Amino acid sequence: MNIVLLGAPGVGKGTQAEKMIEAWGLPHISTGDILRKAVADGTPLGTQAKTYMDAGELVPDVVVIGLVKSRLEKPDATKGFILDGFPRTDGQAEALDRELASVDRSIDAAISIDVDRDIIVRRLTSRRTCRSCDKIYSLIADSPADPAVCDACGGELYQRDDDAEATVRNRLSVYDRSTAPLVDYYRSKGILHVVDGNRPVDEVFADVRRIVEG
Ligand code: AMP
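Basis of the calculations
- Residues numbered from 1 in each chain as written.
- Predicted model: local features only at pLDDT ≥ 70, side-chain atom pairs only at ≥ 80, totals over all residues.
- Heavy atoms only, no water.
- Helix = DSSP H or I, 4+ residues; strand = E, 2+ residues; numbered from the N terminus.
- Rg over C-alpha atoms; globule rule 2.2 N^0.38 Å.
- Buried < 20%, exposed > 50% of the residue type's maximum accessible area, 1.4 Å probe, protein only.
- Core = buried A, V, L, I, M, F, W, Y, C linked by side-chain atoms within 4.5 Å.
- Contact = heavy atoms within 4.5 Å.
- Polar contact = N/O pair within 3.5 Å; in protein donor to acceptor, adjacent residues only side chain to side chain.
- Pairing = 2+ DSSP bridges.
- Axes fitted to C-alpha atoms, helices over the stretch in contact; angles between N-to-C directions.

*Asks:* Tell me what's going on with the overall build of the protein chain, and back it up with residues and numbers.
*Replies:* Of the regular secondary structure elements, the protein chain holds 9 helices and 8 strands. At 17 Å, the protein chain has a C-alpha radius of gyration in line with the 17 Å of a compact globule built from 214 residues. The principal-axis extent of the C-alpha atoms belonging to the protein chain is close to 50 × 40 × 35 Å. Residues classed as buried in the protein chain amount to 45% of the 214 residues present.

*Asks:* Lay out the nonpolar core with the relevant residues and their values.
*Replies:* Core analysis: the largest hydrophobic core is formed by 39 residues, its most contacted members being V4, L6, L72, L83, L96 and Y186. Among the elements that take part in this core, helix α4 (residues 61-72) stands out by supplying 6 residues, more than any other. The residues contacting L83, other than those within four sequence positions of it, are I3, V4, L5, I29, V68 and L96.

*Asks:* Pulling in residues and values, what's your account of the side chain of D97?
*Replies:* Turning to its location among the elements, D97 is positioned in helix α5 (residues 90-101). A residue is classified by how much of its surface remains accessible, and D97, at 19% relative accessible area, is buried. A distance of 3.3 Å separates a polar atom in the side chain of D97 from a polar atom in the side chain of K189. Ignoring anything within four residues of it in the chain, the contact list for D97 reads I107, Y185 and K189.

*Asks:* Let's hear about the pairing of strand β4 (residues 109-114): which residues, and what values?
*Replies:* Each regular strand shows side chains that alternate between the opposite faces of the sheet. With 5 of 6 residues buried, β4 lies mostly within the body of the structure. In this structure, strand β1 (residues 2-6) lies alongside β4, joined through 4 bridges in parallel fashion. Counted as the bridge partner of L6 is S112 from β4. Alignment of β4 against strand β8 (residues 192-196), held across 5 bridges, turns out to be parallel. Following the sheet pairing, I111 is matched in β8 by H193.

*Asks:* Describe the sheet that holds strand β3 (residues 81-84), listing the residues and the values that go with them.
*Replies:* Reading across from one edge, β2-β3-β1-β4-β8 is the order of the 5 strands in this open sheet, with parallel pairing throughout. The outermost strands of the open sheet, each flanked by one partner alone, are β2 (28-30) and β8. Between one strand and the next, the sheet's axes are offset by a mean angle of 20°, whatever the strand orientation.

Set out below in structure tokens:
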């Protein structure tokens, strides 16, 4: 199964992807995670991407398309994949289709997770990540005992630079402008599924399961 997860930042794509990996063992390809790792490792790609990411802007298509192409060529992605945070522009969606068509493959399902805007802003600004084990917390839904310390490993919890409120608002307007039109792109191909993400994680996942397992 080749799956694209669509939806604004903060709708829970990463959380659903984790559950999908558990259920079906598909590789999770998150361009945000790949770019954040490049930034943390201080690679030339990371240095180039950081300015855009900190401002909540999109990293240029040519950069992300190259990243995804080489990731899709790895052997584990040949049996299927979950793309999270890609494509985000028409150019990326078309490049993805071309790349897959060249090896006789295509996207099977685009799952769009919808969440109300005020909930997204609250979710993102309350998100904290552990510097040591990368576990993600919500200070609203599953707050750790100490908001600065990871319950799992004792590591330091931090807020992603791009989860500050002003940047969150910019990421949402970038989404509306560049990425939201992709919903129609996949609808016109007859492979779009819309899921109500304003519900507990397991209820959302029950819908995702129905879509994937048919
Ligand atoms: P995410 O974790 O998916 O919210 O991505 C964090 C940031 O990485 C975004 O705000 C962009 O700056 C950058 N990014 C991630 N995926 C893409 C993409 N497909 N195209 C352009 N920029 C991206």
